[in-house]
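Descriptive structure summary
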Amino acid sequence: QGLDLREFSCGQTLRDSESRRLKRPVEAVCTAWLCAVTGAGGALGNVLKVSGTGDFIAEQMAKTAIPIIILPFIIATLVRFVQGSGTVAMVTAAGICAPIIQAAGASVILGAFAACIGSLFFSYFNDSYFWVVNNLMGIKDTKEQIKHWSVCSPIAWGVGFVELLILSIFIH
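Structure report, in brief. (Residues numbered from 1 in each chain as written. Predicted model: local features only at pLDDT ≥ 70, side-chain atom pairs only at ≥ 80, totals over all residues. Heavy atoms only, no water.)

**Focus on the overall build of the protein chain**
For the protein chain, the helix and strand inventory stands at nine helices and zero strands. Considering the protein chain as a whole, with its 172 residues, one finds that 33% of them fall into the buried category. For the protein chain, contacts bridging at least 24 residues in sequence account for 66% of all contacts bridging at least 6. As displayed, the protein chain has an accessible area near 10,300 Å², and 71% of this comes from carbon and sulfur atoms. (Helix = DSSP H or I, 4+ residues; strand = E, 2+ residues; numbered from the N terminus. Buried < 20%, exposed > 50% of the residue type's maximum accessible area, 1.4 Å probe, protein only. Contact = heavy atoms within 4.5 Å. Areas by Shrake-Rupley, 256 points an atom, 1.4 Å probe, with all protein chains shown as cover.)

See the structure below:
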């Protein structure tokens, strides 16, 4: 009865099947989990800043030939590959790298751009954007979805990386 009252108060129809009504709370928990993971990425970034670890990493990166702006790109790519969500990858990489990029004196805007580009790496089923793109294109078959979007997202990732490198020459 509590579930029916919740659905009625939210404007949901009571004619939905019981299985559909029971899926809604599960979807809400999944959304809350995504927010928690995203928030953890931001919190980790703050820990790096406050503890001085960000400064240390920036100093170590300055000793190498690797541009500091590549760091959020790499972290976003790795998080995206392991965890699957582009949003979580982007926010986590930005949260972790912002204090490092600031300490190195690099452009934080370019750092944000790098995190966004890194999060494009191979979109697949457990990424909400995968479903948004495929639904907007009207593709229902899973094989077709993978062929059209999962193949295109790494191409966008690669082109974006080249653009990032070109921009890093002009923006510091």
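**A closer look at unusual backbone geometry**
If you check the backbone angles, Phe-122 has positive phi at about 35° while not being a glycine. Tracing the chain through its elements places Phe-122 in the loop between α6 (108–118) and α7 (128–137).

**Considerations on the packing of aromatic side chains**
Inspection of every chain in the model, using the stated rule, returns four aromatic pairs. Between Phe-73 and Trp-157, the aromatic rings sit 5.3 Å apart at their centres with planes inclined by 20°, giving stacked as the arrangement. With Phe-73 in helix α4 (residues 70–83) and Trp-157 in helix α9 (residues 152–170), this residue pair connects regions lying 84 residues apart in the sequence. (Phe/Tyr/Trp six-rings, centres within 6.5 Å; stacked < 30°, edge-to-face > 60°.)

**Topic: the pattern of salt bridges**
Tallying each qualifying case throughout the model produces one salt bridge. In this structure, Lys-147 and Glu-144 form a salt bridge, with 3.1 Å as the shortest nitrogen-oxygen distance. With Lys-147 and Glu-144 both in helix α8 (residues 142–150), this residue pair falls three residues apart, about one helical turn. Overall, the relative accessible area of 28% leaves Glu-144 in the partly exposed class. (Salt bridge = Lys/Arg side-chain N within 4 Å of Asp/Glu carboxyl O.)

**Quick word on the packing of α4 against helix α5 (residues 86–104)**
As a packed pair, α4 and α5 sit with axes 8 Å apart at the nearest point and diverge in direction by 150°. In terms of axis orientation, α4 runs roughly antiparallel to α5. For the crossing formed where α4 meets α5, the hand is right-handed. Contacts between α4 and α5 involve Leu-71, Pro-72, Ile-75, Ala-76, Val-79, Arg-80 and Gln-83 from the first element and Gly-86, Val-88, Ala-89, Thr-92, Ala-93, Ile-96, Cys-97, Ile-100 and Ile-101 from the second. Looking at the contact of α4 with α5, its residues break down into 12 nonpolar, three polar and one charged. (Axes fitted to C-alpha atoms, helices over the stretch in contact; angles between N-to-C directions. Parallel < 35°, antiparallel > 145°, perpendicular 65-115°, else oblique. Left-handed = near helix turned anticlockwise from the far one by under 90°. Nonpolar A, V, L, I, M, F, W, Y, C, P; charged D, E, K, R; others polar.)

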